Number of protein chains: 2
Amino acid sequence: MQNIYDNNKFFNEYIEMRNKDINANNLIEKPIFLSLLPCLKDKKVLDLGCGYGDLCKLADTDGATKIVGVDISKNMIDLAIKTNSSNKIKYIIKPMEKINEINEKFDFVLSSLAFHYVENFDKLIKDIAKLLHKDGYLIFSQEHPVATAFIPPKNKNIDTKVDIENKRYYLLSDYNNNGIRTVHWNIDGVKKYHRNISTIINTLIDNGLQIEKVIESYADDETIKLEPKYKYQNDRPYFLFIKAKLL
Amino acid sequence: MQNIYDNNKFFNEYIEMRNKDINANNLIEKPIFLSLLPCLKDKKVLDLGCGYGDLCKLADTDGATKIVGVDISKNMIDLAIKTNSSNKIKYIIKPMEKINEINEKFDFVLSSLAFHYVENFDKLIKDIAKLLHKDGYLIFSQEHPVATAFIPPKNKNIDTKVDIENKRYYLLSDYNNNGIRTVHWNIDGVKKYHRNISTIINTLIDNGLQIEKVIESYADDETIKLEPKYKYQNDRPYFLFIKAKLL
């Protein structure tokens with residue numbers, strides 16, 4: 001169980017990045033995630049890897065009756081309590097690997113960009129299925145398998161794209177080799193887990209979740225005008241979003 | 001509606017390739033496709049883009065009560081009648097774009113490596129949904145979107161993989177730009193249609209089909225021993241397989 005957000009160097013650089021208006025979260029991930037969310041009025045919501053609680057606060061504003069935000073990082077939960085509190089929201093420091101300890105059921109389980117940190121995806125989805133009411137929804141985003149596939153050289157930033165004769169080649173290998181990917185991101189040795197898209201989808205289905213919608217991140221003209229490099233989203237998406245219903 | 005298989009140069013080169021024991025169809029596509037098929041005994045089966053009828057013959061051997069094989073190419077249907085006949089099998093020359101003219105329902109609609117030739121995927125899936133009994137299955141393979149994404153230079157074979165400092169880069173671009181891809185394959189100007197995986201899955205769901213299984217092609221050790229180049233399947237799969245049930 002990895003807790004990079006309690007590494008203060010990592011945490012500070014992450015918060016600095018998120019505080020900028022122009023970043024992939026604000027311009028790309030968040031708008032697509034929100035497009036998958038119905039109104040959460042009168043719903044019970046669990047947010048896994050809630051970070052500083054922006055999604056929890058949104059569920060509160062929507063009129064959710066109870067919201068539980070779970071994150072492994074004390075830094076994050078402290079910030080969530082400070083900036084996104086409400087009497088409807090309960091924040092808990094807990095790794096996603098231990099959500100089987102939560103003894104209640106929810107109408108929605110949400111998770112933004114956290115599942116790729118969890119090694120045992122089947123256990124995670126099994127635990128989530130137990131936390132959902134029948135007909136409840138899991139809505140999550142994670143890094144797109146096409147972007148997480150390659151096994152990076154040890155703790156080094158490398159070009160993932162090269163141009164040869166006006167054609168774009170992307171670093172892509174080991175797409176079908178599910179497993180750990182240790183990357184340099186703000187700090188050395190950040191562990192992510194790559195799974196191909198069929199594994200992700202089949203694991204949901206095998207645990208009783210019916211796929212309702214899949215979205216791969218893209219950048220529209222307005223986004224590209226704000227930050228030209230996001231045009232490469234349309235070559236190779238960063239993020240994958242899935243909405244699934246417990247049968 | 002494209003009929004490349006009635007171009008005799010294309011047809012002859014294609015049949016010569018398929019007649020070899022070692023090709024991606026025999027070693028990779030066919031075994032995975034068959035792994036998705038249950039026993040077809042007492043079932044009514046429709047095969048779209050049936051080619052020379054090998055899948056139809058297999059359904060016949062399985063004990064299917066009626067099999068209809070549909071292909072746009074007279075060359076292919078002639079060969080199917082010659083090599084894979086049975087009193088249970090009816091072969092029809094017809095493009096997939098006109099299957100709405102078929103006035104009966106089936107338990108299984110199968111299609112091997114043909115859907116990427118069809119421009120209007122939503123119409124195709126709508127037509128298929130009308131041809132299936134409730135709880136009937138669509139099982140199909142097609143070229144994997146990661147492999148069809150890039151827009152190729154006009155009628156030229158190009159390297160889709162380059163190695164830089166022991167890392168594998170693949171030609172990948174325009175993954176999110178669904179549309180026509182004109183390629184050189186035996187002959188110039190073969191038209192394929194790229195759709196990203198989310199479009200494929202959402203179109204099935206939106207037309208009442210529930211996803212049951214997704215497989216991305218891979219190569220096992222035995223396959224790689226027979227043909228070493230198929231190790232690259234594990235970097236970037238060629239084929240995508242989906243099994244879906246009409247609700």
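The rules behind each value
- Residues numbered from 1 in each chain as written.
- Chains lettered and ligands numbered in written order.
- Predicted model: local features only at pLDDT ≥ 70, side-chain atom pairs only at ≥ 80, totals over all residues.
- Helix = DSSP H or I, 4+ residues; strand = E, 2+ residues; numbered from the N terminus.
- Rg over C-alpha atoms; globule rule 2.2 N^0.38 Å.
- Contact = placed C-beta atoms within 7 Å.
- Least-squares fit on C-alpha atoms with pLDDT ≥ 70 in both.
- Nonpolar A, V, L, I, M, F, W, Y, C, P; charged D, E, K, R; others polar.
- Pairing = 2+ DSSP bridges.
- Axes fitted to C-alpha atoms, helices over the stretch in contact; angles between N-to-C directions.
- pLDDT = per-residue confidence, 0-100.

Novice: Just checking my understanding: could you explain the overall build of chain A for this structure?
Specialist: A tally of helices and strands in chain A yields 8 helices and 11 strands. In terms of overall dimensions, chain A is globule-like: its C-alpha atoms have a radius of gyration of 18 Å, near the 18 Å expected for 247 residues. Along the longest, intermediate and shortest principal axes, the C-alpha atoms of chain A span 55 × 40 × 35 Å. Pairs at least 24 apart in sequence give 66% of the contacts found in chain A among residues at least 6 apart.

Novice: Help me out: how do you make sense of the relation of the copies chain A and chain B in this one?
Specialist: In this structure, two copies of a chain are linked by a rotation about an axis accompanied by a shift along it. Laying chain A over chain B is done by rotating through 180° and shifting 0.0 Å along the axis; what remains is an RMSD of 0.0 Å. On this basis, the relationship between the two copies can be described by a two-fold rotation axis. Both copies share a contact surface, since 100% of the interface residues of chain A are interface residues in chain B too.

Novice: Quick question: what am I supposed to make of the interface of chain A and chain B here?
Specialist: It is common to report an interface's size as the accessible area lost on association of the parts. Taken residue by residue, the interface counts 32 residues in chain A and 32 residues in chain B. Within the residue set of the side of chain A that touches chain B, elements represented by two or more residues are strand 6 (161–164), strand 7 (167–171), helix 7 (197–206) and strand 10 (209–216) of chain A. With 7 residues, the top contributor of residues to the side of chain A that touches chain B is strand 10 of chain A. Split by residue class, the side of chain A that touches chain B holds 16 nonpolar, 8 polar and 8 charged.

Novice: So what exactly am I meant to see when it comes to the sheet that holds strand 1 (residues 44–48) of chain A here?
Specialist: Within a sheet, neighbouring strands are paired by backbone hydrogen bonds and run either parallel or antiparallel to one another. Residue and element names in this part refer to chain A. The strand order across the open sheet formed by 7 strands is 3-2-1-4-5-11-10, and the pairing between neighbours is mixed. Of all the strands in the sheet, just strand 3 (89–93) and strand 10 have a single pairing partner and so form its edges. The average angle at which neighbouring strand axes cross in this sheet is 15°, direction not considered. In this sheet, strand 3 lies alongside strand 2 (residues 66–71) in parallel orientation, the contact comprising 5 bridges. For Gly69, the partnering residue across the bridge sits in strand 3 and is Tyr91. Contacting strand 4 (106–112), strand 5 (132–143), strand 10 and strand 11 (239–246), helix 2 (residues 24–36) runs over the sheet at an angle of about 20° to strand 11. Together, strand 10 and strand 11 form the strand contacts of helix 7, whose direction differs from that of strand 10 by roughly 150°.

Novice: I'm lost on the environment of Leu48(A) in this one. Help?
Specialist: Residue and element names in this part refer to chain A. Looking at the secondary structure, you find Leu48 in strand 1. Counting along the chain gives 139 residues from Leu48 to Ile187, while the straight-line C-alpha distance between them is 23 Å. For Leu48, the contacting residues outside a window of four places in its chain are Val70, Met96, Ile99, Val109, Ser111 and Ala114.

Novice: Could you clarify how one ought to interpret the sheet that holds strand 7 of chain A in this entry?
Specialist: Spatially, 6(A)-7(A)-7(B)-6(B) is the arrangement adopted by the 4 strands of the open sheet, whose pairing is antiparallel. Every other strand in the sheet has two partners, leaving strand 6 of chain A together with strand 6 (161–164) of chain B as the edge strands with one partner each. Each strand of the sheet is rotated relative to its neighbour by a mean of 30°, with strand direction disregarded.

Novice: Please clarify how the confidence of the model for chain A should be interpreted in this entry.
Specialist: One rule of thumb: low pLDDT means the predicted coordinates there are not for detailed reading. Residues at a pLDDT of 70 or more form 100% of chain A, whose mean pLDDT is 95. Predicted complex, confidence summary: ipTM 0.95, pTM 0.96.

Novice: Help me understand the environment of Ile224(A) in this model?
Specialist: By the element assignment, Ile224(A) lies in helix 8 (residues 221–226). Leaving out residues up to four positions away in the same chain, Ile224(A) has contacts with Ala219(A), Tyr230(A) and Lys231(A).

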